[in-house]
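The chain contents come next:
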Amino acid sequence: MKKNTSRRNVLKSIGTASALSISGLSTANAAIKSHGALKNNIKHSVCRWCYGSVPFEELCQGVKDIGMASIELTGPKEWPILKKYGLTAAIGWGDWPKGMGLNNFFNNPKNHDELFALYSELIPEAAANGVKNLICFSGNRNGMSDMVGMMNCATIIRKLIPICEKNDIILSMELLSSRDSHPDYMCDTMEWGAALCEMVNSDRFKMLYDIFHMQSMHGDHIRNVRKYGKYISHYHTGGMPGRKEIDNTQEIYYPAVVKAIIDSGYKGYLGQEFIPTPKDTPGMLASLKRCVEICDI
C-alpha cells in the first residue's frame, strides 16, 4: 500500500471513541438501501483500516445493510460490537508488542517469546468471539537469507499450532509486495509462502493472498489460485495501481480472479482492502457496495 495511506498510519487514528459512535447512521444507510440480495458465492468482508474515519458502529450498520458478513483486521475490543450487529471478523489481529509488526515479526527469533505469549492469549480470545482466522507476518529480511527466515518462522508457528488446533483457529501469514509498499519484506511470493506451509505441515497455518500486493510482485493470480489454493485461507482486494476502487480504471480484472477462487472450492471470505475515493461516509459506503457487487459473481 502507499506509504501515505498505509494500514499502520490509518490505524493510529482509530480510537475506542469512534468505535462507540453511532451518529449519522441514517445518512449513511440511505446511500446503500437500494441493493438486491448478494449471491454470496464468496463471503464478503471489508478491512477496517480503509474506513478509519467512519465511526465503527456506523460502519457495522452500513456493512450489514450491504449484505456483507464481516469487518476484518479488527481486534478483541471490536469483536463484541461486531456480534451485536450479527457480523464477524473474517480475519483478526491483536496489539503487537512495541516495535513489532509487518517489518519485524516471526522471522526474528528475538521476538518469539513475546509473540508466543501474545498469540497464546489472542487465539482463545478469538475463538471465544467466533473469529476463526488470525493474521501474522514474516517480517523483513534485514540481510537474512530466505531459508533461514523460513526456518525461524516455522519454529514459532509449530509451537503455536497445538493452541490453534485446540481452539479451531487458522494462522494466516500475509503476502506483501517487497517491490513497492513493503521493501525487504520476506513473505513476498506465493512460492515462498507455499514452501513455508509445507515446512510447517499443518492445515492450521496458511497464507493470506493479497491480490493487490501479488499483482505488484508477479501477477498470475488465476494460475496461483489453481496451483496453491490449498495453502490459502484468505484473500484481499485492491485496485492496482494506487489501491483505489477495483473498477475498470485499474489493471486487475477482479470478476475473473474471483471466479477462479470460487471454482477452486474456496469457502472463505474476500476482504475488500481498497481506499475509497469519496471521503464522506455515504460516498464511502456506496463505493464499497459497488466493489462488493463487482466480486459477487
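To be clear, the structure that these remarks concern was listed above.
As a starting point, this report considers the structure included with it.

So, how was this worked out
Residue positions are counted from 1 within each chain, in the order its sequence is given. Predicted model: local features are reported for residues with pLDDT of at least 70 only, side-chain atom pairs are reported and counted for 80 or more only, and whole-chain, interface and lining totals are derived from all residues. The side-chain values count all of the structure's non-hydrogen atoms but skip hydrogen atoms and water molecules. Helix and strand definitions follow DSSP, with helices as H or I runs of at least four residues and strands as E runs of at least two, each counted in order from the N terminus. Relative accessibility under 20% of the residue-type maximum defines a buried residue, over 50% an exposed one, and the middle range a partly exposed one, all with a 1.4 Å probe and only protein chains included. All accessible areas in this document rest on Shrake-Rupley with a 1.4 Å probe, and a residue is counted as covered only by the protein chains that are shown. Only one rule defines a salt bridge in this text: a Lys or Arg side-chain nitrogen within 4 Å of an Asp or Glu carboxyl oxygen. The arc in question is the one traced by the directions running from the helix axis out to the C-beta atoms. Only heavy atoms matter for contacts: two residues are in contact if any of them lie within 4.5 Å across the pair. By this definition, two strands are paired if DSSP reports at least two bridges between them. Every axis in this analysis is a line fitted to C-alpha atoms, fitted for helices over the stretch in contact. Angles between the N-to-C directions lie between 0 and 180 degrees. Oblique is the label for every angle not falling under 35 degrees (roughly parallel), over 145 degrees (roughly antiparallel), or within 65 to 115 degrees (roughly perpendicular). Here a crossing is called left-handed whenever its near helix is offset anticlockwise from the far helix by less than a right angle, and right-handed whenever the offset is clockwise. Under the scheme applied here, ten amino acids are nonpolar (Ala, Val, Leu, Ile, Met, Phe, Trp, Tyr, Cys and Pro), four are charged (Asp, Glu, Lys and Arg), and all others, including Gly, are polar. Put simply, buried Ala, Val, Leu, Ile, Met, Phe, Trp, Tyr and Cys residues joined by side-chain atoms within 4.5 Å make one nonpolar core. When the strands point away from the viewer, a crossover counts as right-handed if the route from the first strand across the helix to the second turns clockwise.

### So, the overall build of the chain
- A tally of regular secondary structure across the chain gives 12 helices and 7 strands.
- For the chain, with 297 residues in total, the buried portion stands at 58%.
- Surface exposure of the chain reaches about 12100 Å², of which carbon and sulfur atoms provide 52%.

### Comments concerning the pattern of salt bridges
- Under the defined criterion, the tally for this structure stands at 11 salt bridges.
- Residue lysine 289 is joined to glutamate 293 by a salt bridge in which the shortest nitrogen-to-oxygen separation is 2.8 Å. With lysine 289 and glutamate 293 both in helix α12 (residues 281-295), this residue pair falls 4 residues apart, about one helical turn.
- Residue class for glutamate 293 comes out partly exposed when judged on its relative accessible area of 36%.
- What emerges from the salt-bridge pattern is a single network uniting Lys132, Asp168, Asp203 and Arg204.

### Some thoughts on helix α10 (residues 221-228)
- Within the span of α10, buried status applies to His221, Asn224, Val225 and Tyr228. All buried residues of α10 lie within an arc of 100° about the axis, which places them on one face of the element. Facing away from the buried side of α10 by more than 90 degrees, the exposed set consists of Arg223, Arg226 and Lys227.
- The elements touched by buried residues of α10 are α8 (190-200), β5 (205-210), α9 (211-217), β6 (232-236) and α11 (254-263).

### Here we look at the sheet that holds strand β1 (residues 43-47)
- Reading across from one edge, β2-β1-β7-β6-β5-β4-β3 is the order of the 7 strands in this open sheet, with parallel pairing throughout. The sheet is open, and its two edges are formed by β2 (70-72) and β3 (133-136), each paired on a single side. Taking the axes of each pair of neighbouring strands and ignoring which way they run, one obtains an average angle of 30° across the sheet.
- Pairing geometry for β1 and β2, over 3 bridges, is parallel. When the bridges of β2 are listed, serine 45 appears paired with serine 70.
- Across the sheet, α12 is in contact with β1 and β7 (269-272); its angle to β7 comes to roughly 145°.

### Things to note about the packing of helix α6 (residues 112-128) against helix α7 (residues 146-167)
- Where α6 contacts α7, the axes come no closer than 10 Å and their chain directions differ by 25°. With respect to α7, the axis of α6 lies roughly parallel. Considering how the two elements wind past one another, α6 and α7 form a crossing that is right-handed. Contact residues: α6 offers His112, Leu115, Phe116, Tyr119, Ser120, Ile123, Pro124 and Ala127, while α7 offers Asn152, Thr155, Ile156, Lys159, Leu160, Ile163, Cys164 and Asn167.
- Grouping the amino acids of the contact of α6 with α7 by side-chain chemistry returns 10 nonpolar, 5 polar and 1 charged.

### Some details on the nonpolar core
- Residues Phe106, Tyr119, Ile157, Met173, Leu196 and Phe205 are the most contacted members of the largest nonpolar core, which totals 94 residues.
- For this core, the leading source of residues is α7, giving 9 residues.

### Some details on the pairing of β5
- Burial analysis of β5 places 5 of its 6 residues in the buried class, the great majority of the element.
- In terms of strand pairing, strand β4 (residues 170-174) meets β5 through 4 bridges, oriented parallel. Pairing of glutamate 174 across the sheet is with leucine 208, part of β5.
- At this point the chain moves from β4, through α8, to the parallel β5, and the crossover so formed is right-handed.
- Two elements, β5 and β6, share 4 bridges in a ladder whose sense is parallel. Note that in β6 the partner of tyrosine 209 across the bridge is tyrosine 235.

### Notes on unusual backbone geometry
- With omega at 0°, the peptide bond leading from methionine 240 into proline 241 counts as cis.
- Considering the arrangement of structural elements, one finds proline 241 in the loop between β6 and α11.
- At asparagine 142, a residue that is not glycine, the phi angle is positive and equals roughly 50°.
- Turning to its location among the elements, asparagine 142 is positioned in the loop between β3 and α7.
- Positive phi values are uncommon outside glycine, yet aspartate 184 reaches one of about 80°.
- Here aspartate 184 is to be found in the loop between β4 and α8.
- Owing to a relative accessible area of 30%, aspartate 184 belongs among the partly exposed residues under this scheme.

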